[in-house]
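Below are the chains, spelled out letter by letter.
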Amino acid sequence: MYEYELQQARSAEMRRRAEHERLARRLVRGRRAARREAAERAAERSDGGAGSASHTHFLDRLRFARPA
């Protein structure tokens, strides 16, 4: 009888973990979709096109020469 209860507890824990992982994946997918939509809206508003604003931070880093 003890083994049966232990197996039931393990099974319930596995179901809880699976449900939690499904929820986490759904949240991540939703956040990615929201970021993608925001990036698309920002690209539509900008005049430079799709790739112009995405790499502007690289120019700030290259202002000074690299040390030897």
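In what follows, the structure referred to is the one given above.
Residues numbered from 1 in each chain as written. Predicted model: local features only at pLDDT ≥ 70, side-chain atom pairs only at ≥ 80, totals over all residues. Heavy atoms only, no water.

Asker: What exactly am I supposed to notice about the overall build of the protein chain here?
Answerer: In terms of helices and strands, the protein chain carries two helices and zero strands. Expressed as a percentage of the 68 residues in the protein chain, the buried residues total 1%. Total accessible area on the protein chain is roughly 6,900 Å²; 55% of this is exposed by carbon and sulfur atoms. (Helix = DSSP H or I, 4+ residues; strand = E, 2+ residues; numbered from the N terminus. Buried < 20%, exposed > 50% of the residue type's maximum accessible area, 1.4 Å probe, protein only. Areas by Shrake-Rupley, 256 points an atom, 1.4 Å probe, with all protein chains shown as cover.)

Asker: Got a minute to help me understand the pattern of salt bridges in this structure?
Answerer: Where charged atoms from two side chains of opposite charge come close, those side chains can pair. One pass over the full model with this rule turns up three salt bridges. Measuring nitrogen to oxygen at the nearest pair gives 2.9 Å for the salt bridge that ties Glu13 to Arg16. Within this pair, Glu13 and its partner Arg16 are both found in helix H1 (residues 2-45), separated by three residues, close to a single helical turn. With a relative accessible area of 52%, Arg16 lands in the exposed category. For Glu13, the salt bridge identified is with Arg17, shortest N-O distance 3.4 Å. Of the two residues, Glu13 and Arg17 both sit in helix H1, four residues apart, roughly one turn of that helix. Of the residues examined, Arg17 reaches a relative accessible area of 54% and is grouped as exposed. Several salt bridges share partner residues, and in doing so they unite Glu13, Arg16 and Arg17 into one network. (Salt bridge = Lys/Arg side-chain N within 4 Å of Asp/Glu carboxyl O.)

Asker: How should a positive patch on the surface be read in this particular structure?
Answerer: Taken together, the side chains of Arg31, Arg32, Arg35 and Arg36 make up a positively charged region of the molecular surface. Looking at the element boundaries, Arg35 is found in helix H1. (Patch = residues over 30% accessible without salt bridge, like charges linked within 9 Å, V, L, I, M, F, W, Y side chains within 5 Å. Lys, Arg positive; Asp, Glu negative; His and termini not counted. Charge placed at Lys NZ, Arg CZ, Asp CG, Glu CD.)

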